[in-house]
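# Examination of the molecular architecture
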Amino acid sequence: MSKSNKVWAIRNNKLDLAQNTLIMGIINTTPDSFSDGGKFNSVDSAVEHAYRLQQQGADILDIGGESTRPGADPVSEQQELDRVIPVIEGLKDISIPISVDTWKSGIAKHALNAGAHIVNDISGLHFDPEMANIVAQYKAGLVAMHTKGTPRNMQSNPVYNDLIAEIKTYLQNALQIALNAGISKQQIVIDPGIGFGKTLEDNFKIIRELVSFKELDLPILLGPSRKSFIGNTLNLPLDQRLEGTIAAVTAGILNGADIVRVHDVLECKRAVIIADKIKS
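Okay, so let's go over this structure.

Moving on, we get to the overall build of the protein chain. Along the backbone of the protein chain there are nine helices and ten strands. Against the compact-globule benchmark of 19 Å for 280 residues, the protein chain has a radius of gyration of 17 Å, which places it among compact chains. Expressed as lengths along the three principal axes of its C-alpha atoms, the size of the protein chain is roughly 40 × 40 × 40 Å. The buried share of the protein chain, reckoned over its 280 residues, is 57%. If you sum the accessible surface of the protein chain, you get close to 11,600 Å²; carbon and sulfur atoms cover 49% of it. Across the protein chain, the mean location of the 28 positive side-chain charges is 4 Å away from that of the 32 negative side-chain charges.

Below, the structure is given as structure tokens:
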């Protein structure tokens, strides 16, 4: 990846990706998220958790108001706004950037008006044709993720002729949509979408071959935290997947990840520091 793309432009700020792997801490304000649904679905608890993640070493906070777990049904835009916007407004004094986890341009616009810096779009600009225009208008950072299908049906029977090539093509299309809308390349990070329309073996293959996505000349985000490919491999429930998550995060960093998205920031931060030392 070129040196210029080791900087992530997010509105009026820039994040340095050249020195250390960044950690995106997850805050789900939903009652039904696969991992921590219901834990932070009040404004006060979500805001408190956000400050805790910052203290534990998060570089970015990712706030979501709609579950994208396999089989999830979409929620109304108003419901998503009611969950997300008060939390973002409650973090106006926090010193790290805020990302909004949404594929809906209306949610993104309100979140950016409330102070968010990044849009984390699970569809890679493919679900809502207005999303690219909103990101361009606000000069926001963008995470463009690959998904196959929708959260409701993505795990029904995901099949690929060439997994890595098809994900690359999808992300290249996302890049072209972004550039056509006036989003600069420095605003964009790509995510191959662990668990989003992937089999167990697909997820391991993505991590193993992550370096191949460097051909797109964009920073890479990896989000393996507590996901079912870890639980199914180890035969462990959600609350016992920390070690597996750390292993996946470490392998991802050694294979090219620039940002990791995790629930367990404190523990993963320690692993990231060691992985960065090994990598350097």
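After that view, the rundown keeps rolling.
A few words on the packing of aromatic side chains. For the coordinates displayed, the defined rule picks out two aromatic pairs. Plain terms: the ring middles of Trp-103 and Phe-127 are 5.6 Å apart, the flat faces sit at 85° to each other, and that makes the pair edge-to-face. Taken as a pair, Trp-103 in the loop between strand E5 (98-101) and helix H3 (105-114) and Phe-127 in the loop between strand E6 (118-121) and helix H4 (131-138) lie far apart in primary sequence, 24 residues in all. The partly exposed category is assigned to Trp-103, whose relative accessible area is 22%. Residue classification places Phe-127 among the partly exposed residues on the basis of a relative accessible area of 29%.

A word on the sheet that holds E6. Pairing is parallel in the open sheet, where eight strands are placed in the order E8-E7-E6-E5-E4-E3-E10-E9. If you trace the sheet from one side to the other, it starts and ends with strand E8 (188-191) and strand E9 (221-222), each paired once. Strands in contact with helix H9 (residues 265-279) are strand E3 (22-28) and strand E10 (259-262); relative to E3, the strand with the most contacts, it is inclined by about 165°.

About the criteria used
- Residues numbered from 1 in each chain as written.
- Predicted model: local features only at pLDDT ≥ 70, side-chain atom pairs only at ≥ 80, totals over all residues.
- Heavy atoms only, no water.
- Helix = DSSP H or I, 4+ residues; strand = E, 2+ residues; numbered from the N terminus.
- Rg over C-alpha atoms; globule rule 2.2 N^0.38 Å.
- Buried < 20%, exposed > 50% of the residue type's maximum accessible area, 1.4 Å probe, protein only.
- Areas by Shrake-Rupley, 256 points an atom, 1.4 Å probe, with all protein chains shown as cover.
- Lys, Arg positive; Asp, Glu negative; His and termini not counted.
- Charge placed at Lys NZ, Arg CZ, Asp CG, Glu CD.
- Phe/Tyr/Trp six-rings, centres within 6.5 Å; stacked < 30°, edge-to-face > 60°.
- Pairing = 2+ DSSP bridges.
- Contact = heavy atoms within 4.5 Å.
- Axes fitted to C-alpha atoms, helices over the stretch in contact; angles between N-to-C directions.

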